[in-house]
Number of protein chains: 4
Amino acid sequence: MSYFTEMMQQITDRGRALVGARRGDARSAKALQEMAQALLSNRGEASSVARAADLLAGYAAAKKADREDFLRCLAVDFGPDQARIDAAIAAYQADPRATTAMALHRAAEPPRQDLLRRLNRAPGGTLALLRMREDVLPLRRAEPALADLDADFEHLFASWFNRGFLTLRRIDWASPAHVLEKIIQYEAVHRIESFEDLKLRLAPSDRLLYAFFHPALTDEPLIFVEVALTDAIPQSIDRILDSKRKELAPRDADTAVFYSISNCQKGLAGVSFGNFLIKQVVEELRRDLPQLRRFVTLSPVPGFTTWLEARWQEEDGGVIDATEREILAPLLAEAADRAALLGRSGAEADKLHETLRRLCATYLVRASTVRGERGIPRPVDPVARFHLGNGARLEHVHARADYSPKGISQASGVMVNYLYDLDSIERHHEAYAERGEVAMSSEVRRLAKPQKALRDLAVSN
Amino acid sequence: MSYFTEMMQQITDRGRALVGARRGDARSAKALQEMAQALLSNRGEASSVARAADLLAGYAAAKKADREDFLRCLAVDFGPDQARIDAAIAAYQADPRATTAMALHRAAEPPRQDLLRRLNRAPGGTLALLRMREDVLPLRRAEPALADLDADFEHLFASWFNRGFLTLRRIDWASPAHVLEKIIQYEAVHRIESFEDLKLRLAPSDRLLYAFFHPALTDEPLIFVEVALTDAIPQSIDRILDSKRKELAPRDADTAVFYSISNCQKGLAGVSFGNFLIKQVVEELRRDLPQLRRFVTLSPVPGFTTWLEARWQEEDGGVIDATEREILAPLLAEAADRAALLGRSGAEADKLHETLRRLCATYLVRASTVRGERGIPRPVDPVARFHLGNGARLEHVHARADYSPKGISQASGVMVNYLYDLDSIERHHEAYAERGEVAMSSEVRRLAKPQKALRDLAVSN
Amino acid sequence: MSYFTEMMQQITDRGRALVGARRGDARSAKALQEMAQALLSNRGEASSVARAADLLAGYAAAKKADREDFLRCLAVDFGPDQARIDAAIAAYQADPRATTAMALHRAAEPPRQDLLRRLNRAPGGTLALLRMREDVLPLRRAEPALADLDADFEHLFASWFNRGFLTLRRIDWASPAHVLEKIIQYEAVHRIESFEDLKLRLAPSDRLLYAFFHPALTDEPLIFVEVALTDAIPQSIDRILDSKRKELAPRDADTAVFYSISNCQKGLAGVSFGNFLIKQVVEELRRDLPQLRRFVTLSPVPGFTTWLEARWQEEDGGVIDATEREILAPLLAEAADRAALLGRSGAEADKLHETLRRLCATYLVRASTVRGERGIPRPVDPVARFHLGNGARLEHVHARADYSPKGISQASGVMVNYLYDLDSIERHHEAYAERGEVAMSSEVRRLAKPQKALRDLAVSN
Amino acid sequence: MSYFTEMMQQITDRGRALVGARRGDARSAKALQEMAQALLSNRGEASSVARAADLLAGYAAAKKADREDFLRCLAVDFGPDQARIDAAIAAYQADPRATTAMALHRAAEPPRQDLLRRLNRAPGGTLALLRMREDVLPLRRAEPALADLDADFEHLFASWFNRGFLTLRRIDWASPAHVLEKIIQYEAVHRIESFEDLKLRLAPSDRLLYAFFHPALTDEPLIFVEVALTDAIPQSIDRILDSKRKELAPRDADTAVFYSISNCQKGLAGVSFGNFLIKQVVEELRRDLPQLRRFVTLSPVPGFTTWLEARWQEEDGGVIDATEREILAPLLAEAADRAALLGRSGAEADKLHETLRRLCATYLVRASTVRGERGIPRPVDPVARFHLGNGARLEHVHARADYSPKGISQASGVMVNYLYDLDSIERHHEAYAERGEVAMSSEVRRLAKPQKALRDLAVSN
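Note that the structure is predicted; figures quoted are calculated from it, not measured.

**Observations concerning the overall build of chain A**
Logical step 1: Secondary structure summary: chain A contains 21 helices and nine strands in total.
Logical step 2: Taken along the three principal axes of its C-alpha coordinates, chain A extends 80 × 55 × 45 Å.
Logical step 3: Put simply, chain A has 461 residues, and 57% of those count as buried.
Logical step 4: In the form shown here, chain A has an accessible surface area of approximately 19600 Å², with 49% of it arising from carbon and sulfur atoms.
Logical step 5: Both charge centroids of chain A, one from 64 positive and one from 65 negative side chains, sit 2 Å from each other.

**What to know about unusual backbone geometry**
Residue and element names in this part refer to chain D.
Logical step 1: The backbone phi angle of Arg-400 is positive, close to 50 degrees, even though this residue is not glycine.
Logical step 2: Along the chain, Arg-400 turns up in the loop between strand 8 (393-398) and helix 19 (405-411).
Logical step 3: Here Ser-412, not a glycine, exhibits a phi torsion of approximately 50 degrees, which is positive.
Logical step 4: As for its placement among the helices and strands, Ser-412 is situated in the loop between helix 19 and strand 9 (415-419).

**Looking at the packing of aromatic side chains**
Note on aromatic pairs: each is described by the distance of the centres and the angle between the planes.
Logical step 1: Counted under the stated rule, the structure contains 42 aromatic pairs over all chains.
Logical step 2: Residues A:Phe195 and C:Phe195 carry aromatic rings whose centres are separated by 4.3 Å and whose planes lie at 10 degrees to one another, so their mutual orientation is stacked. You can see A:Phe195 sitting in helix 11 (residues 195-202) and its partner C:Phe195 sitting in helix 11 (residues 195-202), one on each of two chains. Per residue, the accessibility class of A:Phe195 equals that of C:Phe195, and both read buried.
Logical step 3: Between C:Phe157 and C:Phe161, the ring centres sit 6.0 Å apart and the planes meet at 80 degrees, which makes this aromatic pair edge-to-face. With respect to burial, C:Phe157 and C:Phe161 carry one shared label: buried.
Logical step 4: Connected via pairs of aromatic rings, a cluster forms that spans A:Phe153, A:Phe157, A:Trp160, A:Phe161 and B:Phe165.
Logical step 5: The residue whose ring lies beneath A:Arg67 is A:Tyr59, and the NZ or CZ to ring-centre distance is 5.7 Å.
Logical step 6: A cation over an aromatic ring shows up here: B:Arg325 above the ring of B:Trp312, its NZ or CZ 4.3 Å from the ring centre.

**Overview of the interface of chain B and chain A**
Logical step 1: At the junction of the two partners, chain B supplies 63 residues and chain A supplies 63 residues.
Logical step 2: Together, the buried faces of chain B and chain A total about 5700 Å²; carbon and sulfur atoms form 54% of this surface.
Logical step 3: Here chain B and chain A share two salt bridges between them.
Logical step 4: Put simply, chain B and chain A have 13 residue pairs in polar contact (both at pLDDT 80 or more) between them.
Logical step 5: When the residues that make up the side of chain B that touches chain A are grouped by side-chain class, the tally is 23 nonpolar, 19 polar and 21 charged.

**Structural notes on the pattern of salt bridges**
Logical step 1: According to the stated counting rule, one finds 148 salt bridges over all chains in the structure shown.
Logical step 2: Residue A:Arg201 is joined to A:Glu187 by a salt bridge in which the shortest nitrogen-to-oxygen separation is 3.5 Å. On the criterion of sequence distance, the pair formed by A:Arg201 in helix 11 and A:Glu187 in the loop between helix 10 (177-186) and helix 11 is long-range, its members being 14 residues apart. For the pair A:Arg201 and A:Glu187, one class covers both residues: buried.
Logical step 3: Of the charged contacts, one joins C:Glu437 and C:Arg435 as a salt bridge, the two residues approaching to 2.8 Å between their closest N and O atoms.
Logical step 4: Judged by its relative accessible area of 41%, C:Glu437 is partly exposed.

**Considering the interface of chain C and chain A**
Logical step 1: Facing 11 residues of chain C, the contacting portion of chain A comprises 11 residues.
Logical step 2: The largest contributions to the chain C side of the interface with chain A come from C:Trp173, C:Ala177 and C:Phe195, which together make up 43% of the buried area.
Logical step 3: The tally of links from chain C across to chain A stands at two salt bridges.
Logical step 4: Two residues, C:Glu181 and A:Lys199, come together in a salt bridge whose shortest N-O distance is 2.4 Å.
Logical step 5: Scanning the region where chain C abuts chain A turns up eight residue pairs in polar contact (both at pLDDT 80 or more).
Logical step 6: Broken down by secondary-structure element, the contributors of at least two residues to the side of chain C that touches chain A are helix 10 (177-186) and helix 11 of chain C.
Logical step 7: Sorting elements by how many residues they give to the side of chain C that touches chain A places helix 10 of chain C first, with four residues.
Logical step 8: Taken together, the residues of the side of chain C that touches chain A break down into six nonpolar, two polar and three charged.

**Considering the pairing of strand 4 (residues 255-263) of chain D**
All names here are of chain D.
Logical step 1: In terms of residue burial, strand 4 counts as a mostly covered element, since seven of its nine residues are buried.
Logical step 2: Strand direction decides the pairing type here: strand 3 (residues 223-230) and strand 4, joined by eight bridges, are antiparallel. Note that in strand 4 the partner of Ile-223 across the bridge is Asn-263.
Logical step 3: Each parallel crossover has a hand, and for strand 4 linked through helix 13 (residues 274-288) to strand 5 (residues 294-297) it is right-handed.

**As for the arrangement of the chains**
Logical step 1: One finds no contact between chain B and chain C; the C-alpha atoms of the two approach each other to within 12 Å at their closest.
Logical step 2: At the C-alpha level, the nearest point of chain A lies 12 Å from chain D, with no contact between them.

**Regarding the relation of the copies chain B and chain A**
Logical step 1: With an RMSD of 0.1 Å, the fit of chain B onto chain A corresponds to turning through 180 degrees and sliding 0.0 Å along the axis. Classification of the inter-copy transformation places it as that of a two-fold axis. Within chain B, B:His105 has its C-alpha nearest the rotation axis, a separation of 2.4 Å.
Logical step 2: Mapped onto chain A, 100% of the interface residues of chain B again fall at the interface, so both copies present the same surface.

Conventions adopted
- Residues numbered from 1 in each chain as written.
- Chains lettered and ligands numbered in written order.
- Predicted model: local features only at pLDDT ≥ 70, side-chain atom pairs only at ≥ 80, totals over all residues.
- Heavy atoms only, no water.
- Helix = DSSP H or I, 4+ residues; strand = E, 2+ residues; numbered from the N terminus.
- Buried < 20%, exposed > 50% of the residue type's maximum accessible area, 1.4 Å probe, protein only.
- Areas by Shrake-Rupley, 256 points an atom, 1.4 Å probe, with all protein chains shown as cover.
- Lys, Arg positive; Asp, Glu negative; His and termini not counted.
- Charge placed at Lys NZ, Arg CZ, Asp CG, Glu CD.
- Phe/Tyr/Trp six-rings, centres within 6.5 Å; stacked < 30°, edge-to-face > 60°.
- Lys NZ or Arg CZ within 6 Å of the ring centre and 35° of its normal.
- Contact = heavy atoms within 4.5 Å.
- Buried area = accessible area lost by both parts, 1.4 Å probe.
- Salt bridge = Lys/Arg side-chain N within 4 Å of Asp/Glu carboxyl O.
- Polar contact = N/O pair within 3.5 Å; in protein donor to acceptor, adjacent residues only side chain to side chain.
- Nonpolar A, V, L, I, M, F, W, Y, C, P; charged D, E, K, R; others polar.
- Pairing = 2+ DSSP bridges.
- Right-handed = clockwise from strand over helix to strand, strands pointing away.
- Least-squares fit on C-alpha atoms with pLDDT ≥ 70 in both.

And the structure:
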């Protein structure tokens, strides 16, 4: 933050030098509002970059309460102009043509969109606007006006962060430390403790990391994926993260494993890059290592334990049958140390893990929710929704795959592989998009309980 | 073009490899339209980048007639959706709130905007869309539907080419040849004949060139300005372009002269960068060469001769008085070799040039036209409108300043200096924007004929 | 090492592909020797790069004993050719001219110099030769032949690492992690614990780090210096390294403090860059921050405690007088916890530290040793020799300046400032070089005991 | 030159600022000599970089006569030190060991070598020393002392420009204009007229250019080679340089043709890179385009016409038989327009060209000269010596291959292909190096007249 603040300050000072303004207190909500009005008016256009920088610097330096008041002012005072809309509707209805429709489109645009575009002109403006939206996000549920403002941010960012403007960069141990520092900070799946820990994921020749960047945010990754090159589909995350493992020469690998995907910018909520990232990385890898035969993930199942506990509470046992109840009892009914329990070996433990696999497969392919306009059911699990929506296939379900506290608590140690098979991605995507069909291997099909045996597992969301 | 075509081809091939499609004839207007519909639909999303690349490659390879038919199809079939608009109007009128206003805004957006955003996802997409708009421009006068399409392009480009996304680069003799080649091609004010000629404007330490670039168009400048460092305000372009002149050490200069500004991309018509470019270059120069005291242009007066000839044809001589008529007669009434005539020296020639200066000053500060919504008069001369609109001041009017064929024909050898004085830019801009006041030096004020002595020189445009 | 080994391997494989050779066991001392002979002969010239790479890869993979035997072979079998020398002497004596002198010069060059030049042709050759010399260094005392070999290495490296080939790079928090990793590893004065610790020395705007690099060793710094920008001459290292201190804006600093200088490459022993580095950094800083008024070091005094203890053991107390003996007794005579003792405050402690300052000043300016050909005395302290030899002046002596274990043990907490005053550097250097005069401030002059009061402090070394 | 001069000036000024010196007249031979002595002495070491820069700047600005006098002074006054040599001889003879041999080696080194190393420390020093040697070259024949100086330059440059320090760069149309400008200037085989002409050799995807650079001369290529990708071995240069030819997709090529190799730096005379360059380019091409099957040159035969005319003058016709004499008469005996004659078609012309091919093959494989220490014969033709010495094989001889004025005058239109066959390079090189054997195809073997039919064609050179 300090770097940004300093740069903003510098810009503001230069801007002021340009227009001969003096440095005042520009941090109150009222001052920010006046600056916004000046920036939108014809006045001050000659120094609009400096004024935009002033406003953003003022905002960055303001107190939380002032920042939030300013956001409310954006939401309300810079919202749609009713008189203008009414006139445009009248004109359109009098003569409903493309041109009057477009005039109506323009008239209904909230003026703050233009304000945000002008703010973006300032050096560092794009990052400042991302940070501004981070302030909006926690408020949008409670305040509908801020939800509208948030929608404007999302619309603008979706246009600016168009995939055509993003660049894919490989991040490795020769990358700048301040970028690596952000990888450590943003990793959301398998925590990175330190630079030394990060080095294990970057420096070996069988470990790769790719990120999307936007040219206006040179040092801020937007999303990144970590890849392991292996000679088999991995069944647990420990094998991937093991610092003692023998390095594999890339040309001897036949499988690329996407074992961690992390979004970096909260301010880009709703603007999705993961689909593009995975596919471009697949293309890069195929070009550089033509012998690769398989592209799979090793993915968490974030909602499994919660779902399982809810099923456990249900009385009639529509999902969990009597034998399974018995097997699961130590895990779910008793105040057990789950990690210890799941860590056991032996025939009894094997039964438990088999049961978890079966129920997890059932959860992933049967537990659905209706979303979107067209009433098509989608999996409850968000990671499943992401990969299946991309056209991947649910390939394997592994128990005893993740013994980290998070892995135990969210999925009772289960992880899964989604397979990106280039020949069927398009077909799977369409079946999923049009009819909600989940692509799965015969293994998963066997594991998951048949639909007809279950009560309706769809949940409203 | 060949590089772009090749890259597109490569991308398309890779895209096809991804989705297993085969290469067909995708160049008819009908085929392009179908591809556009598929791209906009939910279908094919998994390979949307490849499909966007396909469509753009097909378009680039199509014949002119097919391309134009496809543009008409974009204009008509992908225009606003009336039923959706009517429903949104009804909803808004039933409950006129910010949220329904925004829904109306969205409903009135022509679907082709979304199509253009999806096309932009393809590698090279931004450049391809610029080239597509170049095809639209010549048609927009005759076909109103294409004028609407053009407006969508302009709106989208204004957002994507936001000044915050542009980078300023100094271009010099160590710049890549393929970029320099484009500078030669795009120079619009003082023609550059060859690389050797270009070198004279780049390599000497008292000659600089700055350009704006967009990150998605790495090798294509958007606009550039050529700067000469001098120790006096220059009175003619020959002195600037003289290859024999003695180089000035930058630290001995006190004046920076902007002697040529060229827009490079026709496809960006209506999206203006000149104002930002000049101001950022001023800031760069002030930082690097703090001893600089003056920032001026040496600018052409493109409309002067035409205007003068029109006044000459008028009978009552509201502008040109009797003495001046006599002096100008050889130039305007006779089929003279104007270059030879203007090239003479002696007292008579001096009189002619003084008269031209006086009338040119009058032209620049009195000949106005009413533009825009608010009915404020603006100078007829486009270069004057640009610099005065930026807040510059008309400082000097020089006769015998440009003996190139273009200089003789468009301005009878006259050039002018606009002064960028940082202390008064904002004030001048406001007076100009709000009241149409033209900022001028006392010299120009003396030269220009008083308003009251003239008939109204405003022209409708 | 793994990266280097891999690169070597790759090169060797490519080299072999070129010459159609097969991969054999090239790691015995005998095999290495044969490869060296082939490389020096006319044979194999067509693939000399591949052969050089082979030899270096074989050497890197060989066992320690084989490596050392190969070095002995270089020292003996590739040493000067007596017959050739005798003939050249005869020719020279018959006709002593420049040409015969040069022929003699060439004849007396050991053939291994040419071998080393040929080895350097391999990719990564320079680094491999540096590492080879690291193997020579520990053997050169015991084996005179290896001392000769070592002298050849030093001579060659002095020519290759000519200051004209070095580039100065600023290292900061945006530098590649694998370079920063080496800074952590090579820091020799004030230990860096981790990347987080390093960040404190790189990221704040008042902390800078500069290093010399050689183009053939892109990722390996040769020497680096750490700089703090301050508004006063610092009296202790804690203030410099304090992570809680308030950052100073660079434009508000008037002093640049060189607080750590580390050589990185053992293989470059005897090839000195420090003098050039400090001076070029001074120039860089003066250009970027023209308001800086002082350039000083904050330097350790590595030999002070050892010297002091030796003086303490002496009977007649030529240096330490009776009062001082009493004050120092707790520190030197008793098995005290020195850190605790030196950490005390109060009048008694003040007396102790004053005594240490006085004796340290005496040590630095009076304890000398005769080195080099001309019999001029030089300070015993190596850090003092370095800075005084560069033309710096001993400016201040601070007690309580370094409470790190190393600071306590080697200098009883004392540190000193050497001042680089550009106006007198040349003069001081000459007085020092020609006559052994030590440049010192009046403060140090007062502190140090007068020469005449002391027995001769010169030591033979 | 102006850039260099300016940089030198700047450096010198900074150097002087460092030592407080004033700017005087440093351009006389005497002044330069004094500066050289000061630089070599212990005095002034603290500012040795600045002093080196001073001397080089003074030299660059001096008049030709002063520069030459200074070079003579280097040759004489900074030559070997006889007294020191005599002492070292005595010491060696008293105790002839490795250590005394090395002391002798050092003693016999002319002090100017150390001076040159010190001069190299100045920024731009390496380039300045190359330019200095360019001044030595024309004088070395007439003045033996300067030949000694020249040998020192060559020895030093051979060490500094070790192949391990060179980097291979591909030059293309995106390369900096100031580097391309030098390619135009340095092209020595097939003249390049302009940037547009150069573009034809760089921009098409079947034309490549590679150059070696040294890190201390970032913008100065050392040597470069132009490559055409083709689908057959070319028989004439016109086909290669034809601007109308159809571009070949690189992946469809099976042959890489080296059609022009130019050394760039006269100052590096005697330091050879061509062998390394060709081999590394072969490796690059094989890696990037694995389908390439042949690597050949299309080479001039610079000495053919001269040799042929000499044979023509000989009476007994040892080489040219009676039939051939008749066929050649129009070309050699008459004052014909050779270009017109060689341009004819028809049976008679075919006979002429066949005769030229036969005699050119004979010239290349039979006309030899004894060079070097070991008395092994080498071809008279310098291009043949270069490629055969690299291990290439003489593959084809083409008449009607080069109709440029140079091609007509030096080789009567004949060009040849040398084949770089990786499997036999090493064998050919050895046979050539050890026994002077010329590797040739069966075609060339048939063309060339048998040795026994000829008088001895060896010439002394």
